[in-house]
Amino acid sequence: MPLTRPGRAKKRTLTFAALGLAPLLAAGGIALGGSQLLPDTGVALSVNSPLILNGKGHGHGRGMGQWGAYGYAKQGWNADKILRHYYGNTTAGKVDNPDITVSLSERQSVHVRADAGAKVAGQTVAPGQAVRLSGGNATITEGCNGAVVRTVPAQWVEPINAGPNRPANELLTFCDGGKYRGALGFGPDGVANKVKVDDYVKGVIPKESVPAWADSGGFEALKAQAVAARSYVVAGLAAGRKMNNTQQSQVYHGASGEDPRTNRAADATAGQVRMRGGKPALTEFSASTGGYTAGGDFPAVVDAGDRVSPNHNWTATVSPGSIASAFGVGALRSFEVIEANGLGEGSGRVGKVRVVGSSRTVEATGDEVRQKLQLKSDWFSVVGQKSMPKIVKPPVGPTNPGGGGLLDFLDLSPLTSLMSGDLPDLSALGLSEFSDVTGQLTPLIEQMITAGLGILGAKQVALDRSDNSQGSLGTVAKDRSDNSQGSLGTVAKDRSDNSQGSTGTVAKPELVVDGKGMHGLVQILENGVIYYSPLTGAKALLGDAFTDYLDRGGLAVLGFPTADALG
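Nothing here was measured: the structure is a model prediction, and the numbers come from that model. (Residues numbered from 1 in each chain as written. Predicted model: local features only at pLDDT ≥ 70, side-chain atom pairs only at ≥ 80, totals over all residues. Heavy atoms only, no water.)

Undergrad: Explain the overall build of the protein chain to me, using residue names and the numbers behind them.
TA: Broken down by element type, the protein chain carries eleven helices and 30 strands. Here the protein chain holds 567 residues, and 52% of them are scored as buried. The long-range share in the protein chain, meaning contacts at least 24 apart out of those at least 6 apart in sequence, stands at 67%. Per element, the accessible surface of the protein chain, about 23,900 Å² overall, is 49% carbon and sulfur. (Helix = DSSP H or I, 4+ residues; strand = E, 2+ residues; numbered from the N terminus. Buried < 20%, exposed > 50% of the residue type's maximum accessible area, 1.4 Å probe, protein only. Contact = heavy atoms within 4.5 Å. Areas by Shrake-Rupley, 256 points an atom, 1.4 Å probe, with all protein chains shown as cover.)

Spelled out as structure tokens, the structure:
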């Protein structure tokens, strides 16, 4: 169900001028003017009735989104493409089929049998016999409740054949139900299953994914889940993590929960993992990202596949009493999002909230709010909130495949920091909530970038045709260290701190802000720089003129140049 918002008043266009920035004039004579925001009222959200939270996604949102993987598979993506998208900075790799040990948290004892027999301490247990482990000994009985045959020292019961992918009659079965591949016994944290990792994955995929996806174009998503599950457990154990069979690690019910469709996905990806830094990566995943992953160990990326998720959008109604009780603040006075990551719709995932009560004020992370209020995710907004959160943007992954296009140039922090305080009643601007603000702001910046990239390209072509374009009176010395304004990217290794100069390397255009708050683009050339802003157009500074511009303060002091200077 799509997000529903309160009724809206007649809208006005929110512009850079309305945000307190210099007015911008887009290419082609399109004016981006507007009215100034009303003075800050400083009024926080009053909570005298249940709060409505509009949210997106289900789970922590880090790494692969399982519903998103399914959505992408239905679009024709293969498992490798899905994994490359969600797990940036990793590569495909392979491990042998090692034994891993996973705690079975709900088990207190080991009392098992197998139709084909088993082994304890190197001794054969006949078909039909059972084994009970206790106090460092294995007691072998005739069936689960029969007479004692013998007792031997042992901590583990092993299958008759320790190889992978064994038939059902060789699998160990608990006398009270539950079938497992591999050995069963006692590890450091209680009852455990020692199993080949490829066999373990077969017990994870059907519990962490949906086997029926294979019947509706989603088999590649199940293969991606197999690789993620394998990489996660191998990396986690190697790092000293305690792996159990719950959501704290990965849900795992052994062979009892297997499905032929997910087994096929496990076999099709046998040994495959994602590698980073020469070792398997800890590939976290969650049910639904809401349309943008959360970042963390892997760069945040757009998740267009998540549109198929039943939790792509959600709404929760929370009482003031439950919030007050969860955070121990007395009678609730206000609850507002004060920090978010700015990715996706609205303000994106919540970084921090402020809870004000009659006895104290508490600040908590979005994830703490998710857990305390039992929300589906930490991506939510408070309907009616009049303050705009500070945006703290995590590293963002590449746009291909499935990325955010021009927004990869964009860092909204300089803009949203101006609006991190309380806003007046947004309905005065025809805006019902914060998501409306960013919804109107982002297209304006995208428009500026789109126009600017075209104009930069045209300017560079014009310079290439000019006799002056190769006439620089020299390059900027590599030992300059007094300039910190200009391109946000590294241009060359020998550039020192001169982020506007050029020593022969051409960099991609970068979004920058001058000392007057004007947004624009910078393009590094071999002997200078082209600056572009919607107000000044594209202006080139080359050679000594460029050096002089830097010496007089560059962007921070002079702002975007208003005329070409080619020597």
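Let us keep going from here.
Undergrad: Tell me about helix α10 (residues 543-551), and please be specific about residues and values.
TA: What α10 keeps buried is the set G543, A545, F546, Y549 and L550. Seen end-on, α10 carries its buried residues on one side only, within an arc spanning 165°. Looking at the buried positions of α10, the neighbouring elements they touch are β29 (528-533), β30 (537-542) and α11 (554-558). Following α10 by one or two positions, G553 has its phi on the positive side, about 115°. (Arc of directions from axis to C-beta.)

Undergrad: I'd like a rundown of the sheet that holds strand β11 (residues 137-142), residues and numbers included.
TA: With respect to topology, six strands assemble into an open sheet ordered β12-β11-β10-β7-β14-β15, the strand pairing being antiparallel. The open sheet has two edge strands, β12 (148-153) and β15 (179-180), and neither has a second partner. (Pairing = 2+ DSSP bridges.)

Undergrad: Which residues make up the pairing of strand β23 (residues 350-357), and what values do they have?
TA: Relative to β23, strand β22 (residues 332-340) is paired through seven bridges, and the arrangement is antiparallel. Note on β23: the bridge partner recorded for E339 is K352. Alignment of β23 against strand β24 (residues 361-365), held across five bridges, turns out to be antiparallel. If you follow K352 over to β24, its bridge partner there is T365. Here β23 hands over to β24 after three residues, the two strands then running antiparallel side by side.

Undergrad: Let's hear about the packing of aromatic side chains: which residues, and what values?
TA: Evaluated as defined, the whole model comprises twelve aromatic pairs. Their ring planes at 75° and their centres at 5.9 Å tell us that W67 and Y70 sit as a pair that is edge-to-face. Here Y70 and W67 lie together in helix α1 (residues 66-74), a separation of three residues that amounts to about one turn. We note K56 situated over the ring of W379; from NZ or CZ to the ring centre the distance is 5.7 Å. Over the ring of F219 we find R264, and its NZ or CZ is 4.1 Å from the ring centre. (Phe/Tyr/Trp six-rings, centres within 6.5 Å; stacked < 30°, edge-to-face > 60°. Lys NZ or Arg CZ within 6 Å of the ring centre and 35° of its normal.)

Undergrad: Account for the side chain of S309, naming residues and giving values.
TA: In this fold, S309 is placed in the loop between β20 (285-286) and β21 (314-318). At 3.0 Å, the side chain of S309 and the backbone nitrogen of N311 are in polar contact. With residues up to four places along the chain from it excluded, the contact list for S309 reads W67 and S288. (Polar contact = N/O pair within 3.5 Å; in protein donor to acceptor, adjacent residues only side chain to side chain.)

Undergrad: Explain α1 to me, using residue names and the numbers behind them.
TA: Most of α1 is tucked away, with seven of its nine residues classed as buried. Restricting attention to buried positions, one finds in α1 the residues Q66, G68, A69, Y70, G71, Y72 and A73. Here the buried face of α1 lies against β4 (64-65), α2 (79-86), α3 (197-208), α4 (219-238) and β20. Two residues or fewer after α1 comes G76, characterised by a positive phi angle close to 105°.

Undergrad: Mind laying out the nonpolar core, listing which residues take part and the relevant values?
TA: The biggest cluster of nonpolar side chains holds 61 residues, and the ones touching the most others in it are M64, I82, V120, V157 and Y200. A total of twelve residues in this core trace back to one element, the largest contributor, which is α4. Of all hydrophobic cores here, the second largest spans 22 residues; its members include F327, L332, V362 and L373. (Core = buried A, V, L, I, M, F, W, Y, C linked by side-chain atoms within 4.5 Å.)

Undergrad: I'd like to hear about the state of the cysteines, residue by residue, with values.
TA: Per the stated rule, a full pass over the model turns up one disulfide. In this model C144 forms its disulfide with C175; the gap between the sulfur atoms is 2.0 Å. On the sign convention where negative means left-handed, the S-S torsion of about -85° between C144 and C175 marks this disulfide as left-handed. With C144 in the loop between β11 and β12 and C175 in the loop between β14 (172-174) and β15, the pair connects residues that are 31 residues apart, well separated along the chain. (Disulfide = S-S within 2.5 Å.)

Undergrad: So what's going on with the sheet that holds β30? Residues and values would help.
TA: Read from one edge to the other, the open sheet built from four strands follows the order β27-β28-β29-β30, with strand pairing classed as antiparallel. In the strand order of this sheet, the two ends are held by β27 (510-513) and β30, each with one partner. Pairs of neighbouring strands in the sheet enclose a mean axial angle of 30°, with direction left out of account. With six bridges connecting them, β29 and β30 associate as antiparallel partners. Note that in β30 the partner of S533 across the bridge is G537. The strands touched by α10 within the sheet are β29 and β30, with β30 carrying the most contacts at an inclination of about 100°. (Axes fitted to C-alpha atoms, helices over the stretch in contact; angles between N-to-C directions.)

Undergrad: Could you give an account of the confidence of the model for the protein chain, with specific residues and numbers?
TA: Here the protein chain averages 78 in pLDDT, and 74% of its residues register 70 or above. Considering each helix and strand of the protein chain separately, the mean pLDDT is smallest for strand β2 (residues 30-32), with a value of 27, and largest for β4, with 98. Between residues 1-47, whose pLDDT stays under 50, and residues either more than four places distant or in other chains, the model counts 109 contacts. Scored below 50 in pLDDT, residues 467-506 makes 96 contacts in the model with residues more than four places away or belonging to other chains. (pLDDT = per-residue confidence, 0-100.)

Undergrad: How would you summarise the pattern of salt bridges if you had to cite specific residues and measurements?
TA: Applying the stated criterion to the full structure yields 21 salt bridges. D198 is the salt-bridge partner of R230, the closest N and O atoms lying 2.7 Å from each other. One end of the pair, R230, is in helix α4; the other, D198, is in helix α3, and 32 residues separate them in sequence. On the basis of relative accessible area, R230 is assigned to the buried category, the value being 0%. D198 gets classed as buried once you look at its relative accessible area, which sits at 13%. Here D548 ties to R552 by a salt bridge, and the two come within 3.0 Å at their closest N and O atoms. With relative accessibility at 49%, the residue R552 sits in the partly exposed group. (Salt bridge = Lys/Arg side-chain N within 4 Å of Asp/Glu carboxyl O.)

Undergrad: Now, about unusual backbone geometry: what can you tell me, with residues and values included?
TA: Positive phi, close to 65°, is recorded for N89, a residue that is not glycine. You can see N89 is positioned in the loop between α2 and β5 (91-94).

Undergrad: Kindly report on the packing of α2 against α4, identifying the contributing residues and their values.
TA: Following both chains from N to C, one finds α2 and α4 inclined at 55°, their axes separated by 8 Å at the closest point. It follows that α2 is oblique to α4 by the angle criterion. Crossing angle aside, the handedness with which α2 passes α4 is right-handed. Contacts between α2 and α4 pair A79, I82 and L83 from the former with E220, A221, K223, A224 and V227 from the latter. Grouping the amino acids of the contact of α2 with α4 by side-chain chemistry returns six nonpolar, no polar and two charged. (Parallel < 35°, antiparallel > 145°, perpendicular 65-115°, else oblique. Left-handed = near helix turned anticlockwise from the far one by under 90°. Nonpolar A, V, L, I, M, F, W, Y, C, P; charged D, E, K, R; others polar.)

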